[in-house]
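One letter stands for each residue in the lines below.
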Amino acid sequence: MYPLVWASVLSGLIGLLLSQPVLAAPELPQVPHTRVIVRVCPGVTVLPDRPGFTGPGATQAQIEACSRLLRTGRASNIRRVLSPLNTERAARIGLDRYYSIEVRGDATQVAQSLREFVTLFEVVEIDVPIQAALGLGGPQDAGAVLRPNDPLFAAQWSLENTGQNVGGVWGTPGADVGAVEAWEFTRGKERVIVAVLDSGISFSHPDLAGQLVQGINLTSTDTADVDDPWVSHGTHVAGIIAARQGNGEGITGLAPGCRLMPVKIINRFNWTLEEWLAQGVVWATDHGAMVLNISLGFPSATSLQRAAIRYAYESDVVICASSGNIGSDPIGYPARLDETIAVGATNNLDEVTAFTSTGPALTLCAPGRDVVSTWDTETAPDTYHWSSGTSFSTPHVAAAAALVRSLNPRLTAAQVRRVLAVTCRDLGEPGRDDSSGWGRLDVPAALALALTYPLEGQAVCLADRNGDGSVDFTDLQMFLEAFSERRIEADWNNDGAFTIHDILAYLNDYESGCPQTLSVP
């Protein structure tokens, strides 16, 4: 009798659990298995009949020992991580020789032992799942021709700060990215695609309808499912970049004319892996993304992550990444890598937020506290929320990069980075400093520079500040004004400081006319 009773109870519990969609089992486990990532030696391949590798430099005994080790460590699902389209570049970086091994045993011990097989592996690393940082604090519901009719635009202080009250704090007018002035240059072009490497992007949100191109889900076997009904972090990021403008709905993105590519690398339980990040970076690069937004970070970087970022950078892609949300911690990865633009956060008073991770790798800052944007979960569908974090300052920079690339498509990724950096509004010590980078993003200033930025190899007269082809008193006045405001262009000797030596160096070029020129890289 008792077995029948328990069977009935168990059947009822199973039915109850299955009726709750939030508990429905995903295709992958809630926490992904730890991976061991290896870069094999040239010529090494996977064994066809059992876990293991074989190669021209390994003996049969070494091949068998490696296979036994993997079986003991309960290794499975050995597969090539990436198959980049640019095979020549991938081969030069070594990106085509990375393999992922799922390990259900002691991954640390397996990795340590694999490092002994030097004839098979050049690199052996551990890829431990982390939970993606989703910002700070709980989210809340949320004239002129160039000012859109979107109802929440007045609350978007990051785009136009009129001194409005945000979260109980009256803002500083002008402490914004200058969106209204920027739209006089461009609102973005459809050909410029920003890849959002995140938790996906909502397909149903009315402010994102028509803004998406084909993406990919790298966290599941259903690679086409890039919707974001659980986390909405990627949806929030996407709205900041390119929510529809002038549709009488919600908000506007900073670059509403550009398009968004959802690259899902955070699963429904907020977990991610460096493997998924690397795959997302390469896939987006190979499928036409011109800008990457990476609003997450790892405490360290495997060579796989570094190689993927390098691949994107060498493919002329602008890479924007959040610095991190713990002020006492160092900047995370990939933001700390040289190829990326590391973004910190400011508030509506033009102050760097206390939660921003800062340091020598910080490139610049952008609004990231109490930012309203698109939101879509099963419990709060197709709505708007306010959130804080460097996750939400980064899409402002990604959108700015997209506008620059829309306005002047000839600029390289390195030049776009330079344009965004040198036109920032200084916030801390004169010039670049570790607490705010180059300062707070100033989009119209960046676009003005991008519009007149010389072509590659073109000679530029250094002393001709207004670009009229001659050096006169107007140019001297412009230099002195820049010097008094401690703007980066007045650091004439490029030593990071503003001293009498800069003035003397400029006067030397001023008196000489235009014999000294600069060939733009």
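Predicted, not measured: the structure shown is a model, and the values here were computed from it. (Residues numbered from 1 in each chain as written. Predicted model: local features only at pLDDT ≥ 70, side-chain atom pairs only at ≥ 80, totals over all residues. Heavy atoms only, no water.)

Caption draft 1: Representation of the overall build of the chain in the model. Along its length, the chain carries 13 helices and 21 strands. Going through the 521 residues of the chain one by one, you find that 54% of them count as buried. For the chain, the accessible area works out to roughly 21,700 Å², and carbon and sulfur atoms hold 54% of it. (Helix = DSSP H or I, 4+ residues; strand = E, 2+ residues; numbered from the N terminus. Buried < 20%, exposed > 50% of the residue type's maximum accessible area, 1.4 Å probe, protein only. Areas by Shrake-Rupley, 256 points an atom, 1.4 Å probe, with all protein chains shown as cover.)

Caption draft 2: View of unusual backbone geometry. Look at the link from Tyr333 to Pro334: it is a cis peptide, with omega at 15°. The residue Pro334 is located in the loop between β15 (318-322) and β16 (341-346) in this model. The phi dihedral of Ser232 is positive, around 70°, even though this residue is not glycine. If you trace the backbone, Ser232 turns up in the loop between β11 (216-217) and α6 (233-242). For Asp370, which is not glycine, the phi dihedral falls at a positive 55°. When you line up the elements, Asp370 lands in the loop between β17 (364-367) and β18 (371-375). Judged by its relative accessible area of 22%, Asp370 falls in the partly exposed class.

Caption draft 3: Structural view of the sheet that holds β17. Taken in spatial order, the 7 strands of this open sheet run β11-β12-β10-β14-β15-β16-β17, and their pairing is parallel. Every interior strand has two partners, whereas the edge strands, β11 and β17, have only one. Here 4 bridges tie β16 to β17, and the two strands are oriented parallel to one another. The partner of Gly344 across the bridge, within β17, is Cys365. Each of β10 (193-198), β11, β12 (259-264) and β14 (291-294) is contacted by helix α7 (residues 274-286), which is oriented at about 150° to β12, the strand it contacts most. (Pairing = 2+ DSSP bridges. Contact = heavy atoms within 4.5 Å. Axes fitted to C-alpha atoms, helices over the stretch in contact; angles between N-to-C directions.)

Caption draft 4: The arrangement of the environment of Ser204 in detail. Mapped onto the elements of the fold, Ser204 is located in the loop between β10 and β11. For the pair Ser204 and Asp227, spaced 23 residues apart in sequence, the C-alpha to C-alpha distance is 8.6 Å. Apart from residues lying up to four places away in sequence, Ser204 is in contact with Asp376 and Asp382. Side-chain polar atoms of Ser204 contact the side chain of Asp376, separated by 3.0 Å. (Polar contact = N/O pair within 3.5 Å; in protein donor to acceptor, adjacent residues only side chain to side chain.)

Caption draft 5: Examining the state of the cysteines more closely. In total, this model carries 0 disulfides according to the counting rule given. Cys424 provides the cysteine sulfur closest to Cys365, a residue in no disulfide bond, and the two sulfurs are 8.2 Å apart. (Disulfide = S-S within 2.5 Å.)

Caption draft 6: Region of interest: the environment of Gly215. With respect to the helices and strands, Gly215 occurs in the loop between β10 and β11. Placed 45 residues apart in sequence, Gly215 and Leu260 show a C-alpha to C-alpha distance of 8.8 Å. Once residues lying within four places of it in the same chain are set aside, the contact partners of Gly215 are Thr223, Val226, Met261, Pro262 and Trp283.

Caption draft 7: Structural view of the confidence of the model for the chain. Model confidence for the chain is summarised by a mean pLDDT of 87, while 86% of its residues fall at 70 or above. Ignoring residues within four places in sequence, the model shows residues 137-145, a span with pLDDT below 50, making 18 contacts including any to other chains. (pLDDT = per-residue confidence, 0-100.)

Caption draft 8: View of the packing of helix α12 (residues 473-484) against helix α13 (residues 500-512). Contact geometry of α12 with α13 gives a least axis separation of 11 Å together with a crossing angle of 165°. Taken together, the axis directions place α12 and α13 in an arrangement best described as roughly antiparallel. By crossing handedness, the relation of α12 to α13 is classed as right-handed. Touching Phe473, Asp475, Leu476, Phe479 and Phe483 of α12 are Asp502, Ile503, Tyr506, Leu507 and Tyr510, all from α13. Of the residues that constitute the contact of α12 with α13, the class distribution is 8 nonpolar, no polar and 2 charged. (Parallel < 35°, antiparallel > 145°, perpendicular 65-115°, else oblique. Left-handed = near helix turned anticlockwise from the far one by under 90°. Nonpolar A, V, L, I, M, F, W, Y, C, P; charged D, E, K, R; others polar.)

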